[in-house]
Amino acid sequence: MRPLRLHLADFGSFREPLTIDFTDVDYFALVGPTGAGKSTVIDAICFALYGTVPRWGRENVIAHALAPSAASGKVAMVFESAGRRHGVVRALQRDAKGRVHTKEARLDELDPAVPATAGLDDLMGAVLRPIAEGDAVTAEVQRVTGLEYRFFTQCVVLPQGRFAEFLHAQPRERQDLLVQLLDADVYERIRQRAVREEDAAKQAAAFARGRLARLADADEAAEQAAAARLESLRGLAERARSDLRALRERDDAAAALRQERTSARQRLTALTALAMPPDVPTLADSVRQAAEALARMSAEVAKLAEAEQGADDERAALGDKAALTALLTAVDDHARVARALGSARSAAATAATGAAGLAEAEQRAGAALADAERDRERLRDAHAAADLASRLAVGAPCPTCLRAITELPHHAAPADLGAAERTVRARGADLERARADRRKAEVEAARVKQKADELENQLAVLAARAAAADRARVTAELTAIEAAEDRLARARRATRTARGELARAERRAAELREKSERSWREVDAARDRVVALGAPPIDRADLHAAWTSLLSWREEAAAAERKALGGVEAELAAVERARDQERSALVARLAGHEVQVAADATPEAIHETLAGSVVHAEHRLARVRENRVQAKELAEQAAAKEREEQVAHELTLLLRANAFERWLCAEALALLVAEASVTLSDLSGGQYELVLGERGEIEVIDHAEAGLRRSARTLSGGETFQAALALALALSSQVAGLAATAARSLDSIFLDEGFGTLDPATLDTVATTLERLAAGNDRMVGVVTHVPALADRVPVRFEVSRDGQGSHLRRVVS
Ligand SMILES: Nc1ncnc2c1ncn2[C@@H]1O[C@H](COP(=O)(O)OP(=O)(O)OP(=O)(O)O)[C@@H](O)[C@H]1O
Ligand SMILES: [Mg+2]
């Protein structure tokens, strides 16, 4: 890790933004008064990378980073590591409650093509790829630089007052540090991997041996046996070829005989299948009887048709039945209307009499009403007179005669006027009823009279139509007509029945004719089926005779076929017997060679089995040969894996229980101490050397005290600084060479104070050593010092001062 730019704002004692350019700086000093802010610059480098600073003690106490009362602050650094350029930024912010948070943390890989002299923004802006943000930044910084925080604070930065940490550390802590610094734990990882590889090789070897065991019979004897088996089967197949040919010929002969037997059986079946239909013997008689019945029915129908015609003529001669029926109806109607007219006339007379009586009753009711009204008027007058009389006075003029009244008249009390009124109303109602009855009777009399008039008119019309009619004669004529119609109907029914029977007889005759024709076709077809067997021609005169002669020929032909069939069957049995014997002999011979075929196998099946056995033997031989090749390969494979297992096993033994790691650290420490010892001897003017004690602690040999060994802790402040510086320089120069992965490169070292404890001569030696280190150009050296004798010798000085505005930094080049 080598810084190119460091930027800080509101960090520690620095308030104003400040960017320090380390581009061309190999060796620099931070100088300035106490409390000016020198260590703060070194802190900023550490904080930028790891987010913490050694003097804060606990890690992650970021509140200390922010300048007091500043609301936010920032540290950024551009640095190079392992040939790549990176930029790291950490920005802080104080919240309302005064707590400080990381606002931004970022690590990017930067483009190295941007000139190192460019401004901070240009350098930081040329991002090749973002690497990490937030909490992940510190881990990525460790990966990129190869330096954990505690290596950084013991090997790169020797912080003020803590530079002796490595010197004074417990052997165990030192070993831990070295293990990580040297990546020595890689050997533990190698051991674990060797254990895994030992297991894997062991398994692979066991697997190969297991497969090899399964191929145990793949030896030369097996190959010879397989070859011999193949040879013998090929010979057997060659010899069996003629036997199989003979078997096939036997099979062909048997097949031909079976074919012949089948044909003979088919012919016999055709012959025995001939059978005369059961109705053939009676069919001719039936046809004849049907023809006779048909002729009979035709004659019957003709006769009945003639009788029907006669009845029809007879009926036609008897006249019009409808006219006679109408005439009879007119005669009967005339009589009925004449009777009705008589009744109507007497009813009209009765009605007229009734109406006249009711007219008189009405007159009587009118007179009774007039009487009642007169009585009522008289009573009204009596009441008026009595009323007037009651109001008269003697001497007053009389209202009717206008003369003076001399004496008051005396009126008896008149009868009740209400009764007279009720009588008038009762008489009025009587008159109304009598009037209504009279009107109703008059209407009825008019209606009855009108009906009598209408009947009279009807009678006149009917009298004209039925004038000359004789009812008895008309009735006799109608009776004769009905009798003739009855006879005609019976004649028609008889004719219809006979015609139905005639139709049935015709159908029956047609059916029998058709049946007869079909029977002829059947006998022809039956003969056709056996004509090839020599059937005689058909006698076409008589169906029954045709069948009889065909069947008698069939008996002779069937007897001849049966005899021939017996001959074929005997011959077939002889051929099959011979074939079975030959096949049994062949099957037994094959069984002798362990080739199994069924006792009734066909020649093709035997041939296939035999050929299959040969192919199987060929495969077997090929497999044995393949297995031998494979067994050889497996044996080699198993041996190789066993060797690998052995090597891995030995490696795990060598690296077991971190023994190698411990040995490596002890060696590294010895080398470090040896190199540091030379430097210390230089710095101390030959007084001190460093050695390792028995328990791994660092001791000094004091040549001023006759080479006495004592603990490094007994050194004075200045001597401690010399020893620590010597160790730090040795670490810085050796770690890269010792590290297993060679990933570390301690290409800078910063020393914060301690120089004030040195006497001028030692200071000179230290200064010379540092100048030499820086002159190598592969390492940046930075020192913080108050000592002018040292500061003046450093080529680049940064003067740090502090005022009310905070710390300030100025570069001074000598
Ligand atoms: N976290 C902090 N917050 C505020 N002030 C701080 C913080 N850390 C240090 N200071 C102050 O900042 C000033 C600079 O401190 P710094 O340690 O950088 O001084 P210095 O220049 O190294 O001094 P010296 O020569 O004594 O070592 C000091 O006054 C110190 O008390
Ligand atoms: Mg300081």
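Positions within a chain are numbered from 1, following the residues in the order the chain's sequence is written. Chain labels run from A onward and ligand labels from 1 onward, assigned in the order the entries are written. The predicted origin of the model limits local features to residues at a pLDDT of at least 70 and limits the giving and counting of side-chain atom pairs to 80 or more, whereas totals for whole chains, interfaces and linings rest on all residues. Values shown for side chains rest on all heavy atoms present in the structure; no hydrogens or waters enter the calculation.

- The name an unreviewed UniProt entry assigns to the chain is Nuclease SbcCD subunit C, from the organism Spongiactinospora rosea.
- UniProt positions are given in the numbering used here, feature names are shortened, and annotations may be inferred rather than shown by experiment. One UniProt comment on the chain, placed under Subunit (unreviewed entry), says "Heterodimer of SbcC and SbcD."
- Quoted straight from UniProt, the Sequence similarities (unreviewed entry) entry for the chain says "Belongs to the SMC family. SbcC subfamily."

1. Overview of the site of ligand 1
Inference 1: As a matter of local geometry, ligand 1 sits amid 15 residues, with Gly37, Lys38, Thr40, His64 and Arg802 nearest to it.
Inference 2: Here a polar contact means two N or O atoms within 3.5 Å. Within protein one must be a hydrogen donor candidate and the other an acceptor candidate, and residues neighboring in sequence count only if both atoms are side-chain atoms. For ligand 1, an oxygen atom lies 3.0 Å from a polar atom in the side chain of Arg55.
Inference 3: In this structure, His64 approaches ligand 1 through a main-chain N or O atom, which is 2.7 Å from a nitrogen atom.
Inference 4: Here the open area of atoms and residues is found with the Shrake-Rupley method and a 1.4 Å probe, where only the protein chains shown may cover a residue. Burial of ligand 1 by the protein chains amounts to 72% of its free accessible area of 630 Å². Proximity is defined per residue: any heavy atom of the residue falling within 4 Å of a molecule or strand makes that residue near it.

2. Regarding the nonpolar core
Inference 1: Grouped together as the largest cluster of nonpolar side chains are 79 residues, with contacts concentrated most on Leu6, Leu49 and Phe152.
Inference 2: Helical segments are the DSSP runs of H or I of at least four residues, strand segments are the runs of E of at least two, and each set is numbered from the N terminus. A total of nine residues in this core trace back to one element, the largest contributor, which is helix 1 (residues 38-50).
Inference 3: When checking whether two residues touch, look at their non-hydrogen atoms; a contact exists if any pair is within 4.5 Å. Apart from residues no more than four positions distant in its own chain, Phe152 is found in contact with Met1, Ile45, Cys46, Leu49, Tyr50, Leu147 and Val157.
Inference 4: The next biggest cluster of nonpolar side chains, apart from the first, holds 28 residues, and it includes Leu725, Leu729, Leu763 and Ala774. Remark: nonpolar core denotes a set of buried residues (Ala, Val, Leu, Ile, Met, Phe, Trp, Tyr, Cys) joined through side-chain atoms within 4.5 Å. Relative accessible area decides the class of each residue, using a 1.4 Å probe on protein chains only: under 20% of the type maximum gives buried, over 50% gives exposed, and in between gives partly exposed.

3. Points about the packing of helix 1 against helix 4 (residues 149-156)
Inference 1: Between N-to-C directions, angles cover 0 to 180 degrees, with each direction set by a line fitted to C-alpha atoms, over the stretch in contact for helices. The contact between helix 1 and helix 4 brings their axes to 11 Å, and the two run at 155°. With respect to helix 4, the axis of helix 1 lies roughly antiparallel. The element helix 1 and its partner helix 4 pack so that their crossing is right-handed. Contact residues: helix 1 offers Ile45, Cys46, Leu49 and Tyr50, while helix 4 offers Tyr149, Phe152 and Thr153. Each angle is binned into one of four classes, with values under 35 degrees roughly parallel, values over 145 roughly antiparallel, values of 65 to 115 roughly perpendicular, and all other values oblique. Should the near helix be turned counterclockwise from the far one by less than a right angle, the crossing is left-handed, whereas a clockwise turn marks it as right-handed.

4. So, helix 17 (residues 760-775)
Inference 1: Helix span, expected: 1.5 Å multiplied by one less than the number of residues in the helix. Over its 16 residues, helix 17 extends 22 Å from the first C-alpha to the last, a length consistent with the 22 Å expected when each residue adds 1.5 Å.
Inference 2: Regarding helix 17, the residues found buried are Thr762, Leu763, Val766, Ala767, Thr769, Leu770, Leu773 and Ala774. The arc enclosing the buried residues of helix 17, seen along the axis, measures out at 160°, which places them on a common side. Exposed residues pointing more than 90 degrees away from the buried face of helix 17 are listed as Pro760, Ala761, Arg772 and Ala775. Arc definition: directions from the helix axis to the C-beta atoms.

5. A short note on the pattern of salt bridges
Inference 1: Salt bridge, as used here, is a side-chain nitrogen of Lys or Arg placed within 4 Å of a carboxyl oxygen of Asp or Glu. Applying the stated criterion across every chain yields a total of 64 salt bridges.
Inference 2: One salt bridge connects Glu442 with Arg438, and the closest N-O pair in it is separated by 3.2 Å. Of this pair, Glu442 and Arg438 both sit in helix 11 (residues 417-465), separated by four residues, roughly a single helical turn.
Inference 3: With a relative accessible area of 37%, Glu442 lands in the partly exposed category.
Inference 4: What makes Arg438 buried here is its relative accessible area of 15%.
Inference 5: With a closest N to O distance of 3.2 Å, Arg583 and Asp580 form a salt bridge. Of this pair, Arg583 and Asp580 both sit in helix 13 (residues 543-592), separated by three residues, roughly a single helical turn.
Inference 6: Using a relative accessible area of 9% as the deciding quantity, one classes Arg583 as buried.
Inference 7: Overlapping salt bridges, with partners in common, bring together Glu362, Glu432, Arg435, Arg438 and Glu442 in one network.

6. Some thoughts on the environment of Glu104
Inference 1: Within the secondary structure layout, Glu104 lies in strand 6 (residues 100-110).
Inference 2: In the structure, Glu104 is positioned 15 residues away from Val89 in sequence and 7.3 Å away in space, judged by C-alpha atoms.
Inference 3: Once you skip the residues sitting within four places of it in the chain, Glu104 turns out to touch Val89, Arg90 and Ala91.
Inference 4: A distance of 2.2 Å separates polar atoms of two side chains, one belonging to Glu104 and the other to Arg106.

7. A few points about the sheet that holds strand 1 (residues 2-9)
Inference 1: Criterion used throughout: strands pair if DSSP finds at least two bridges between them. Spatial ordering of the open sheet is given by 2-1-4-5-6-7, a layout of six strands whose pairing is antiparallel. On the outer flanks of this sheet lie strand 2 (18-21) and strand 7 (127-133), each paired with one strand and no other. Each adjacent strand pair in this sheet contributes to an overall mean axis angle of 15°, direction not counted.
Inference 2: Pairing between strand 4 (residues 72-81) and strand 5 (residues 84-94): ten bridges, direction antiparallel.

8. Structural notes on the packing of aromatic side chains
Aromatic ring pairs are described here by two measures, namely the spacing of the ring centres and the angle between the planes.
Inference 1: Note on ring pairs: Phe, Tyr and Trp rings are taken, using the six-membered ring of Trp, and paired if centres are within 6.5 Å. Classes follow the plane angle, with under 30 degrees stacked, over 60 edge-to-face and the rest tilted. Going through the model one piece at a time under the given rule, you end up with nine aromatic pairs.
Inference 2: Judged by centre distance (5.7 Å) and plane angle (70°), the ring pair of Phe28 and Phe798 falls under edge-to-face. Of the two residues, Phe28 is situated in strand 3 (residues 27-31) and Phe798 in strand 14 (residues 796-803); the sequence distance between them amounts to 770 residues. In terms of burial, Phe28 and Phe798 fall into one category: buried.
Inference 3: The rings of Phe22, Phe28, Phe750 and Phe798 are connected pair by pair, giving a single aromatic cluster.

9. A closer look at the sheet that holds strand 9 (residues 688-692)
Inference 1: Strand order in the open sheet made by the three strands is 9-10-11, with antiparallel pairing throughout. The strands lining the two open edges of the sheet, one partner per strand, are strand 9 and strand 11 (708-711). Strand-to-strand twist in this sheet, taken as the mean axis angle between neighbours without regard to direction, amounts to 35°.
Inference 2: Pairing of strand 9 with strand 10 (residues 698-702), which is carried by five bridges, proceeds in the antiparallel orientation.

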